[in-house]
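Examination of the molecular architecture
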Amino acid sequence: MTASGVTVTDEVITVFNEMKVRKAQANEDEKKKRKKAVLFCLSEDKKHIVLESGKEILTGDVGTTIADPYLHFVKMLPADDCRYALYDATYETKETKKEDLVFIFWCVAPDGAPLKSKMIYASSKDAIKKKFTGIKHEWQVNGLEDIKDRRTLAEKLGGSSVVTLEGGHVLNGNL
């Protein structure tokens, strides 16, 4: 429980653990069902952090129903409220191919989200972060300008050493 009194549901922790553990021996069906991105929100009574229904991208959808998972993810974020998100970024550096989970705190400033919502989300962030052990990358995003350009995420993941993100090249500042 946090200063705000908000708790994280078991479902949120289960989703995080499933995203964190990448089974090398997973069959194609299991790989397709893996979550690429998910959004978490406050429950109606503002007492729990829950999985937001219908706000996810499955790995199996990428390349079939979803051409660009990053752009699709950005479009899932609400314009008028805050959210927590996990995004499983696939990228390449000059040396190697990598996958890392990124914890994103989305809170639209200055006038997108209601003040009370911003306060509850901000004061509850530590509760969800404590449950997400082993996350290397955290990103607080205050509006579309901060997130719409995937180069910003590439910088968070490894700066200038990142050469591709989600299959798109990061060259001369363009994707």
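Residues numbered from 1 in each chain as written. Predicted model: local features only at pLDDT ≥ 70, side-chain atom pairs only at ≥ 80, totals over all residues. Heavy atoms only, no water.

The name given to the protein chain in an unreviewed UniProt entry is ADF-H domain-containing protein, with Oncorhynchus mykiss as the source organism. For the protein chain, the Sequence similarities (unreviewed entry) comment in UniProt is given as "Belongs to the actin-binding proteins ADF family." (UniProt positions renumbered as here; feature names shortened; annotations may be inferred.)

Within the span of helix H3 (residues 69-76), buried status applies to Pro-69, Tyr-70, Phe-73, Val-74 and Met-76. Viewed along the axis of H3, the buried residues span an arc of 155°, placing them on a single side of the element. Of the residues flanking the start of H3, the one acting as N-cap is Asp-68, its side-chain oxygen 3.0 Å from the backbone nitrogen of Tyr-70. (Buried < 20%, exposed > 50% of the residue type's maximum accessible area, 1.4 Å probe, protein only. Helix = DSSP H or I, 4+ residues; strand = E, 2+ residues; numbered from the N terminus. Arc of directions from axis to C-beta. Polar contact = N/O pair within 3.5 Å; in protein donor to acceptor, adjacent residues only side chain to side chain.)

Our next topic: the layout of surface pockets. The computed volume of the largest pocket comes to approximately 500 Å³. If you trace the largest pocket, you find 21 residues lining it, with Glu-30, Lys-31, Arg-34, Lys-35 and Thr-59 closest to the centre. For the lining of the largest pocket, the secondary structure elements donating two or more residues are helix H1 (10-20), helix H2 (28-33), strand E2 (35-42) and strand E4 (83-93). Tallied by class, residues from the lining of the largest pocket come to seven nonpolar, three polar and eleven charged. (1 Å grid on protein atoms, 1.4 Å probe; cavity = no way out; pocket = protein on both sides within 12 Å on 5 of 7 lines; lining within 4 Å. Points joined across faces, edges and corners; volume = space filled by probe spheres on them. Nonpolar A, V, L, I, M, F, W, Y, C, P; charged D, E, K, R; others polar.)

Evaluated as defined, the whole model comprises one disulfide. Between the sulfur atoms of Cys-82 and its disulfide partner Cys-107 the distance amounts to 2.1 Å. In this pair, Cys-82 sits in the loop between H3 and E4 while Cys-107 sits in the loop between strand E5 (97-106) and helix H4 (115-131), placing the two residues 25 residues apart along the sequence. With respect to burial, Cys-82 and Cys-107 carry one shared label: buried. Free of any disulfide, Cys-41 has its nearest neighbouring cysteine sulfur in Cys-82, separated by 11 Å. We classify Cys-41 as buried; its relative accessible area is 11%. (Disulfide = S-S within 2.5 Å.)

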